[in-house]
Amino acid sequence: MVVLVTGSNGQLGQSLQFISSNYPEMNFIFCNSTELDITNIENCKFIFKKYNPTFCINTAAYTAVDKAETEVERAQQVNVYGVQNIAEVCKENNTTLIHISTDFVFDGNQNIPYNEKVKPNPLGIYGQTKLEGEIAIQKNWSKYIIIRTSWVYSPFGNNFMKTMLRLGSERESLSVVNDQIGTPTNAVDLADAILKIIHFCQTEPVEVFGIYNFSNEGQCSWYDFANEIFKQTQKKIDLKPIPTKAYPTPAKRPIYSVLDKTKIKKTFGISILDWKESLYNVIQKL
């Protein structure tokens with residue numbers, strides 16, 4: 001079984017590499033954006049023909065939320081047209097596509113966790129292009145699993161946790177937004193869930209294609225997340241909660257984007273750690 005991973009230098013790509021040895025039945029091909037540029041259809045066709053993957057995990061994405069407001073064309077190029085390319089070559093090669101999407105497809109106006117049936121309504125360019133990428137997959141190929149996730153961090157790459165640890169070593173006080181509510185996702189947990197899904201697809205005779213949500217369990221604000229990071233690393237810092245309006249950004253964020261994981265847990269029998277417990281695991285790795 002060949003599993004092709006795009007965007008292998010990103011947080012999720014590196015997390016998949018980190019745990020890949022736990023799945024010896026899978027022959028992994030990890031491609032970074034230089035080796036596989038999803039915006040280049042000929043490059044996509046060449047790589048798929050070369051490796052003939054059974055599954056493709058598409059982690060390649062434009063994720064600069066604020067920059068996307070001005071780099072609209074670049075965001076569309078990767079998140080929409082690149083995803084369409086991947087869907088098309090997956091169809092040509094009968095490859096099951098596992099694609100990663102985001103909580104930013106929602107507007108945050110709910111106050112209960114979002115399930116997969118809620119109609120998306122993105123607030124900015126990043127969320128809009130990710131939604132259009134989902135639609136491009138659905139139009140072009142039937143064998144897909146789209147996983148929406150949120151607030152991704154890990155021992156790899158740049159993320160909120162690492163930024164807090166760096167700023168905490170440089171400053172005596174920090175202000176963090178406390179009125180945006182969501183759930184942190186340890187990319188290693190997400191990677192493991194994806195590989196469990198692939199194993200399930202190979203061993204169970206049922207069709208499970210569609211959209212799923214995955215994050216760790218529980219919910220918090222960015223302030224709560226920062227506070228827990230400093231608590232677990234025993235860092236003394238003057239941490240101040242501030243409202244979103246005190247920290248304006250080019251892109252508007254959903255105020256509430258907790259994801260309902262009932263479907264993914266029931267379908268694949270996946271158990272999910274609480275975000276605080278998962279954060280502890282990451283900090284121990286660091």
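Refer to the structure printed above.
Keep in mind that this is a model prediction, so the values were computed, not measured.

(A) Expanded view of the pattern of salt bridges. This model, assessed by the stated rule, comprises eight salt bridges. Here Lys261 ties to Glu217 by a salt bridge, and the two come within 3.9 Å at their closest N and O atoms. Of this pair, Lys261 sits in the loop between strand 12 (238-242) and helix 8 (262-268) while Glu217 is found in the loop between strand 10 (210-213) and strand 11 (220-221), placing the two residues 44 residues apart along the sequence. Between Lys265 and Glu217 there is a salt bridge whose closest N-O contact spans 2.6 Å. Highlighted residues: Lys265 in helix 8 and Glu217 in the loop between strand 10 and strand 11, separated in sequence by 48 residues. Taken together, the shared-partner salt bridges connect Glu217, Lys261 and Lys265 into one network.

(B) How the structure looks around helix 6 (residues 187-203). An ideal rise of 1.5 Å per residue puts 24 Å on 17 residues; helix 6 measures up with 24 Å between its terminal C-alpha atoms. When you tally the buried positions in helix 6, you get 12 out of 17 residues, the bulk of the element. Every buried residue belonging to helix 6 is among Ala187, Val188, Asp189, Leu190, Ala191, Ala193, Ile194, Leu195, Ile197, Ile198, Phe200 and Cys201, and all of these are buried. Sitting at the amino-terminal end of helix 6 is Asn186, which places a side-chain oxygen 2.9 Å from the backbone nitrogen of Val188.

(C) Structural view of the sheet that holds strand 10. Spatially, the six strands line up as an open sheet ordered 2-1-3-4-5-10, and their pairing is parallel. Among the strands making up the open sheet, the edge pair consists of strand 2 (27-30) and strand 10. Averaged over all pairs of adjacent strands, the angle between their axes in this sheet comes to 20°, without regard to strand direction. Pairing geometry for strand 3 (residues 55-58) and strand 4 (residues 96-102), over four bridges, is parallel. Bridge assignment links Phe55 to a residue of strand 4, and that residue is Thr96. Contacts between helix 4 (residues 125-140) and the sheet are confined to strand 4, strand 5 (144-149) and strand 10, with strand 4 contributing the most and set at about 160° to the helix.

(D) Quick look at the packing of helix 5 (residues 160-170) against helix 7 (residues 222-232). Viewed as axis vectors pointing N to C, helix 5 and helix 7 meet at an angle of 60°, and their least axial separation amounts to 10 Å. Judged by the inter-axis angle, helix 5 sits oblique to helix 7. When the axes of helix 5 and helix 7 are compared, the crossing they make is right-handed. Counting all contacts with helix 5, which are made through Phe160, Met161, Met164, Leu165 and Gly168, the residues of helix 7 involved are Trp222, Phe225, Ala226, Ile229 and Phe230. Here the contact of helix 5 with helix 7 is built from residues that sort into nine nonpolar, one polar and no charged.

Calculation rules
- Residues numbered from 1 in each chain as written.
- Predicted model: local features only at pLDDT ≥ 70, side-chain atom pairs only at ≥ 80, totals over all residues.
- Heavy atoms only, no water.
- Salt bridge = Lys/Arg side-chain N within 4 Å of Asp/Glu carboxyl O.
- Helix = DSSP H or I, 4+ residues; strand = E, 2+ residues; numbered from the N terminus.
- Expected span 1.5 Å × (residues − 1).
- Buried < 20%, exposed > 50% of the residue type's maximum accessible area, 1.4 Å probe, protein only.
- Polar contact = N/O pair within 3.5 Å; in protein donor to acceptor, adjacent residues only side chain to side chain.
- Pairing = 2+ DSSP bridges.
- Axes fitted to C-alpha atoms, helices over the stretch in contact; angles between N-to-C directions.
- Contact = heavy atoms within 4.5 Å.
- Parallel < 35°, antiparallel > 145°, perpendicular 65-115°, else oblique.
- Left-handed = near helix turned anticlockwise from the far one by under 90°.
- Nonpolar A, V, L, I, M, F, W, Y, C, P; charged D, E, K, R; others polar.

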